[in-house]
Amino acid sequence: MAMPAESVSSSTESVGGEIREDEHGKKFIRVYAADTITVGRPYVVTYDGDEATNPKTASPATLAVYQYVGVATETASSGDMTWLQIKGDCDFALVTGDSDVAKDDFLEVTNTETAMEVDASTRSANSVAIARAAYTDTTDAATLVSLIGDRVIVAAS
Amino acid sequence: MAMPAETVSSSTESKGGEVKKDEHGSEFVRAYAATATRGTPLVLTLDGDEATNPGTAAAATSAVYQLIVFPTSTETSAGFQWMQYKGDCDFALCDGTAAIAKDKYLDVVDGETAMTYDAAARSVQSIAVAREAYTGSADAETLVHLIGDRVNIASS
């Protein structure tokens, strides 16, 4: 498949995978909902060989591979296509304050969790976001964060 | 050097390195190769010469995360061409000596000219996921989905 300099195009297409960036530098990726999606929950972006379901969501699971974690922008049913936010300010990210989250703390998501939690005061390989607001309650709640936009490793705890 | 908001530009330019994305989200980079075989996985490399930068190299063991690219055409003379690194790709060379099933992850190992079976779960070597099975021992063009992330290259 020779590519003229003017245009490039693949011959096949998965339904999802499109990345969009808004005027504020926020980035979003279109994915297949492999399960019921809850707005604000962090999901791992994963892959399979079926163009109808690729890429797709997965619950966070321990894995020493750098992967994208995105925050669901809407509630969606299993089988829907939906957008995950992967970079930029986000005021609907679910955060747990089981361990107090202070503004400027780095946040991660760990194995099977449904919300981000405090990672450390310095960035680690697990850091998904940085808190733009403090949060200390134990209930998962929508919290203002800035998603870093880099791939991360999901730790066991 | 203050940059007006309307334009951004560097003062020097390598001939390659341009990235293009198609309407399906597939991504391509313009890279240099001395010769190229369509669909062969190559490492995207860098050097200090604008005439050959970025370049390509055969897969070699490395614990550095690097981008793997796939020439879109066979070329017998040196030059730049578009190489795909993300999205659905129906011309990626695969070796099915270790049977490749749909949905399995694929990697490229040291000295190889085709992708091979990596694992059922993604690893730091995973370049792509197979969109079809392939079990032949000869390198053959196979439909895969290139993840587009940088990877490590294992020795075997």
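Scroll up to find the structure.
Criteria and cut-off values
Residues numbered from 1 in each chain as written. Chains lettered and ligands numbered in written order. Predicted model: local features only at pLDDT ≥ 70, side-chain atom pairs only at ≥ 80, totals over all residues. Helix = DSSP H or I, 4+ residues; strand = E, 2+ residues; numbered from the N terminus. Rg over C-alpha atoms; globule rule 2.2 N^0.38 Å. Buried ≥ 20, exposed ≤ 12 C-beta atoms within 10 Å, placed from the backbone. Contact = placed C-beta atoms within 7 Å. Pairing = 2+ DSSP bridges.

(A) Here's a closer look at the overall build of chain B. Tallying secondary structure elements over chain B gives zero helices and twelve strands in all. When the helices and strands of chain B are listed from N to C terminus, the series reads β-β-β-β-β-β-β-β-β-β-β-β. Taking 15 Å as the expected radius of gyration for a compact globule of 156 residues, we find that chain B reaches 16 Å, a close match to that expectation. Seen through its C-alpha atoms, chain B measures out along the principal axes to roughly 55 × 30 × 30 Å. With 156 residues in all, chain B has 43% of them scored as buried. Long-range contacts, defined as pairs at least 24 residues apart, comprise 59% of the intrachain contacts of chain B with a sequence gap of at least 6.

(B) Local environment of the pairing of strand 6 (residues 68-71) of chain B. All names here are of chain B. Because side chains alternate across strand 6, one face comprises the buried residues I68 and F70, and the other comprises V69 and P71, equally buried. Pairing between strand 3 (residues 42-45) and strand 6: two bridges, direction antiparallel. The residue bridging V43 from the neighbouring strand is I68, located in strand 6. Pairing geometry for strand 6 and strand 7 (residues 79-94), over two bridges, is antiparallel. By the bridge assignment, F70 is partnered in strand 7 with Q84.

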